[in-house]
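# Examining the three-dimensional arrangement
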Amino acid sequence: MRSLIPEFEALRARFPAGFASSLVLPCLRRIQEERGYVADEDVEELAAFLGVPAIQIEEVLTFYTQFRRRPVGRWHLQLCRNVSCSMRGGERLIEHLERRLGVRPGETTADGRFTLSTVECLGSCGTAPAMMVNERYVESLSAEAVDALLEELR
Ligand code: FES
């Protein structure tokens, strides 16, 4: 996180005094962009930098599923398991991905290529079932589309 301090200082200068809590989300987003996840030491350092309790940062990290606390594979597949996606075959796609990759949600393939996760609504219900591949949305999925995607990403 230390390399981001100048950027965080500039961000803090744009906020009125006493609004350090408002910086937690944008700072965590940048930390994750840089490291790939938010480490325990990042939490401690950010808490010290902002002057907020570490538990406040932990609360944000546990509330928003977009934040990762562990390294993930080269490709992070986040498949929606909420109602619209489930009704349009999302559950079968999770099973399909488990079989294809040989991992369960929360796990990374042995070669470090893929991490499989299930998440709540991605806000793409109209094109369910939906999945995120790193920062990219992939929508109106089918088993065939998943297979083609995996080939593309190998
Ligand atoms: S239920 Fe899957 S995107 Fe909304």
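Residues numbered from 1 in each chain as written. Predicted model: local features only at pLDDT ≥ 70, side-chain atom pairs only at ≥ 80, totals over all residues.

## Looking at the overall build of the chain
- A count of helical and extended segments in the chain gives seven helices and four strands.
- Over its C-alpha atoms, taken along the principal directions, the chain stretches across nearly 50 × 35 × 25 Å.
- Counting every position in the chain, which comprises 154 residues, the buried fraction comes to 19%.
- A fraction of 61% describes how many contacts in the chain between residues 6 or more apart in sequence connect residues 24 or more apart. (Helix = DSSP H or I, 4+ residues; strand = E, 2+ residues; numbered from the N terminus. Buried ≥ 20, exposed ≤ 12 C-beta atoms within 10 Å, placed from the backbone. Contact = placed C-beta atoms within 7 Å.)

## Some thoughts on the domain arrangement of the chain
- Under the domain assignment used here, the chain contains domain 1 (2–63) and domain 2 (75–153).
- Taking only C-alpha atoms into account, the centre of domain 1 sits 29 Å from that of domain 2. (Domains from an automatic or database assignment.)

## With respect to the nonpolar core
- Residues Leu77, Leu79, Cys80, Leu93, Leu97, Ala130 and Met131 are the most contacted members of the largest nonpolar core, which totals 15 residues.
- Among the secondary structure elements, those contributing two or more residues to this core are β1 (75–80), α6 (90–101) and β2 (114–119).
- Here the element with the most residues in this core is β1; it accounts for four residues.
- For Leu93, the contacting residues outside a window of four places in its chain are Leu79, Pro129, Leu141, Ala143 and Val146.
- In this structure, Cys27, Val38, Leu46 and Ile57 belong to the second largest nonpolar core, which totals eight residues. (Core = buried A, V, L, I, M, F, W, Y, C linked by C-beta atoms within 7 Å.)

## Quick look at the packing of α6 against helix α7 (residues 143–153)
- Orientation of α6 relative to α7, taken along the N-to-C sense of each, is 35°, at an axis distance of 10 Å. Read as a crossing pair, α6 and α7 show a hand that is right-handed. Contacts between α6 and α7 involve Leu93, His96, Leu97 and Arg100 from the first element and Ala143, Val146 and Leu150 from the second.
- Along the lines of polarity and charge, the residues of the contact of α6 with α7 split into five nonpolar, one polar and one charged. (Axes fitted to C-alpha atoms, helices over the stretch in contact; angles between N-to-C directions. Left-handed = near helix turned anticlockwise from the far one by under 90°. Nonpolar A, V, L, I, M, F, W, Y, C, P; charged D, E, K, R; others polar.)

## Overview of the environment of Glu41
- For Glu41, the position within the fold is in helix α3 (residues 40–50).
- By C-beta crowding, Glu41 is classed as exposed, having 11 other C-beta atoms within 10 Å.
- For Glu41 and Arg12, which are 29 residues apart along the polypeptide, the C-alpha to C-alpha distance reads 20 Å.

## Notes on the pairing of β1
- Extensive coverage of β1 is indicated by the burial of five of its six residues.
- Sheet analysis places β1 next to β2, joined by six bridges and oriented parallel. Along β2, the bridge assignment pairs Gln78 with Ser117.
- Where β1 lies against strand β3 (residues 131–133), three bridges are found, and the strand directions are antiparallel. Residue pairing in the sheet places Gln78 in a bridge with Met132 of β3. (Pairing = 2+ DSSP bridges.)

## Quick notes on the sheet that holds β2
- If you trace the four strands from one edge of the open sheet to the other, you get β2-β1-β3-β4, paired in mixed fashion. Strands with a single pairing partner mark the edges of an open sheet, and in this sheet they are β2 and β4 (136–138). The average angle at which neighbouring strand axes cross in this sheet is 25°, direction not considered.
- Of the strands in this sheet, β1 and β2 touch α6, which is tilted by about 155° from β1.

## Focus on the packing of α3 against helix α4 (residues 54–63)
- Following both chains from N to C, one finds α3 and α4 inclined at 125°, their axes separated by 8 Å at the closest point. As judged from the angle between their axes, α3 and α4 are oblique. Remark: the crossing between α3 and α4 carries right-handed chirality. Residue-level contacts link Val43, Glu44, Leu46 and Ala47 of α3 to Ala54, Ile57 and Glu58 of α4.
- Classifying every residue of the contact of α3 with α4 by side-chain character gives five nonpolar, no polar and two charged. (Parallel < 35°, antiparallel > 145°, perpendicular 65-115°, else oblique.)

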